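As a plain string of letters, each chain reads:
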Amino acid sequence: MAESTDPSPDDVIITLRPVAGGASTIEIDRLQDGSYRATHRAGLGSLELCRTDDLERLLRQLNEALISGTQSGYVAAVRNLHDSELVRSA
């Protein structure tokens, strides 16, 4: 049986935990169209933060937010990336 070369949308590349010991995570997965999706998961809920073709930029935004050390900083950084992606695509 041959393996598919296209990962499914729930094929998580990296899981980040903004707060040590916290139940909240940011997951980045690669979608079948080649773009990347960042999802904030907390408890039983999840919120898609953005989709982008620029994985490096997404990781840099998350790294900067990690330095701030706050969960809200993480979410805000990714949402800012999402907003700038919308402006670029318009």
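Bear in mind that the values here come from a model prediction, so they are computed numbers and not experimental data.

1. What to know about the environment of Thr-39
Among the secondary structure elements, Thr-39 is positioned in strand β3 (residues 36–42). With relative accessibility at 6%, the residue Thr-39 sits in the buried group. Look past the residues within four positions of Thr-39 in its chain and what remains in contact with it is Thr-25, Ile-26, Glu-27, Ser-46, Leu-47, Glu-48 and Leu-49.

2. Concerning the pattern of salt bridges
A side chain of one charge can pair with a side chain of the opposite charge if their charged atoms are brought near each other. Summed over the entire model, instances satisfying the criterion amount to four salt bridges. Arg-41 is paired through a salt bridge with Glu-27; the nearest N and O atoms lie 2.6 Å apart. Of this pair, Arg-41 sits in strand β3 while Glu-27 sits in strand β2 (residues 25–30), placing them 14 residues apart in sequence. Where Arg-60 meets Glu-56, a salt bridge forms, and the shortest distance between an N and an O atom there is 2.8 Å. With Arg-60 and Glu-56 both in helix α1 (residues 55–68), this residue pair falls four residues apart, about one helical turn. Exposure remark for Glu-56: the relative accessible area of 48% places this residue in the partly exposed category.

3. What to know about the confidence of the model for the chain
In the predicted model, the chain carries a mean pLDDT of 74, and the fraction of residues at 70 or more is 61%. Across the chain, the secondary-structure element scoring lowest on mean pLDDT is helix α2 (residues 71–89), at 65, and the one scoring highest is β2, at 88. For residues 1–6, every residue scores under 50 in pLDDT, and the model assigns this stretch one contact once sequence neighbours within four places are set aside.

Cut-offs and rules
Residues numbered from 1 in each chain as written. Predicted model: local features only at pLDDT ≥ 70, side-chain atom pairs only at ≥ 80, totals over all residues. Heavy atoms only, no water. Helix = DSSP H or I, 4+ residues; strand = E, 2+ residues; numbered from the N terminus. Buried < 20%, exposed > 50% of the residue type's maximum accessible area, 1.4 Å probe, protein only. Contact = heavy atoms within 4.5 Å. Salt bridge = Lys/Arg side-chain N within 4 Å of Asp/Glu carboxyl O. pLDDT = per-residue confidence, 0-100.

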